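Now for the letters of each chain:
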Amino acid sequence: TTQSRLRYQILRRYVMLDRRDKAIELVDTWLTPQGQQLPALRWKGDLLLEAGRGFEAAQVFRQAIAEMPDRVLLRHRLAASYLTVTDYPAAQEAYEQMMDIDPGAQIIAMAALGEMYLGLGLEKQAISTFNKLKTADRTRDPRVMYAIGRARQRMGHDDMAQQELE
């Protein structure tokens, strides 16, 4: 809606002015028991996440997911919130729940989970996760090719990374 777009632009202006706290206060005034809360919840969660307030962001994203459990973006942001506070088991659980939404969500979640493992130095788990993506009959999906190629490159296997991208 027009009002929603305008509200979003107001929030972005506050962020550009480095006034995230003011933006969060404003979003709180938009959260009312009656009416659609999902956009405001998502914005608040994103603002908290940008401000490095992962615990609070996770709480807001869980609230948004309660309203719309099949929104891939919300689950992805929930996992990102957990990652910012180094709660890796909770991030893994969020990604695993995301996999149940649909095949596209499964690809995104598995790629992100593999990246998380890779970032933690758990190369075997990362490779195992990426191989599951390959065996899920999605070998030529560009998202899978990119995730596996990126992982191989990060592990120093440039030749293998190139093969994944071809």
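Residues numbered from 1 in each chain as written. Predicted model: local features only at pLDDT ≥ 70, side-chain atom pairs only at ≥ 80, totals over all residues. Heavy atoms only, no water.

(A) Seen up close, empty space enclosed by the protein. All chains considered together, the criterion is met by one cavity of 30 Å³ or more. In this structure, the largest cavity encloses a volume near 50 Å³. Lining the largest cavity we find Ala126, Ile127, Phe130, Asn131, Ile148, Ala151, Arg152 and Met155. Of all the secondary structure elements, the ones that give two or more residues to the lining of the largest cavity are α8 (123–135) and α9 (142–154). Element by element, the count of residues in the lining of the largest cavity is highest for α8, at four residues. Within the lining of the largest cavity, the residues separate by chemical class into six nonpolar, one polar and one charged. (1 Å grid on protein atoms, 1.4 Å probe; cavity = no way out; pocket = protein on both sides within 12 Å on 5 of 7 lines; lining within 4 Å. Points joined across faces, edges and corners; volume = space filled by probe spheres on them. Helix = DSSP H or I, 4+ residues; strand = E, 2+ residues; numbered from the N terminus. Nonpolar A, V, L, I, M, F, W, Y, C, P; charged D, E, K, R; others polar.)

(B) Region of interest: α8. If you check α8, its first and last C-alpha atoms are 18 Å apart, about what 13 residues at 1.5 Å a residue would give, namely 18 Å. Turning to α8, its buried residues number three or more, namely Ala126, Thr129, Phe130 and Leu133. What you see down the axis of α8 is that its buried residues fit within an arc of 95 degrees, all on one side. Counted as exposed and oriented over 90 degrees from the buried face of α8: Lys124 and Thr135. (Expected span 1.5 Å × (residues − 1). Buried < 20%, exposed > 50% of the residue type's maximum accessible area, 1.4 Å probe, protein only. Arc of directions from axis to C-beta.)

(C) A look at the pattern of salt bridges. The final tally for this structure, using the stated rule, is seven salt bridges. When the shortest N-O distance is used, the salt bridge between Asp21 and Arg53 registers 3.1 Å. Taken as a pair, Asp21 in helix α2 (residues 20–30) and Arg53 in the loop between α3 (38–50) and α4 (54–67) lie far apart in primary sequence, 32 residues in all. Overall, Arg53 belongs to the partly exposed group, its relative accessible area being 27%. Three or more residues are tied together by salt bridges with common partners; here these are Arg12, Asp18, Arg20 and Glu50. (Salt bridge = Lys/Arg side-chain N within 4 Å of Asp/Glu carboxyl O.)

(D) Region of interest: helix α5 (residues 72–84). Its 13 residues place the ends of α5 19 Å apart at the C-alpha level, agreeing with the 18 Å of an ideal helix rising 1.5 Å per residue. For α5, the set of buried residues is Leu74, Arg75, Leu78, Ala79, Ser81 and Tyr82. The arc that holds the buried residues of α5, viewed along the axis, is 155 degrees, so those residues lie on one side. Looking at the packing, one finds that the buried side of α5 touches α3, α4 and α6 (88–98). In the segment just after α5, Thr86 is the residue with positive phi, at about 55 degrees. (Contact = heavy atoms within 4.5 Å.)

On their own, these measurements won't tell you what the molecule is for.
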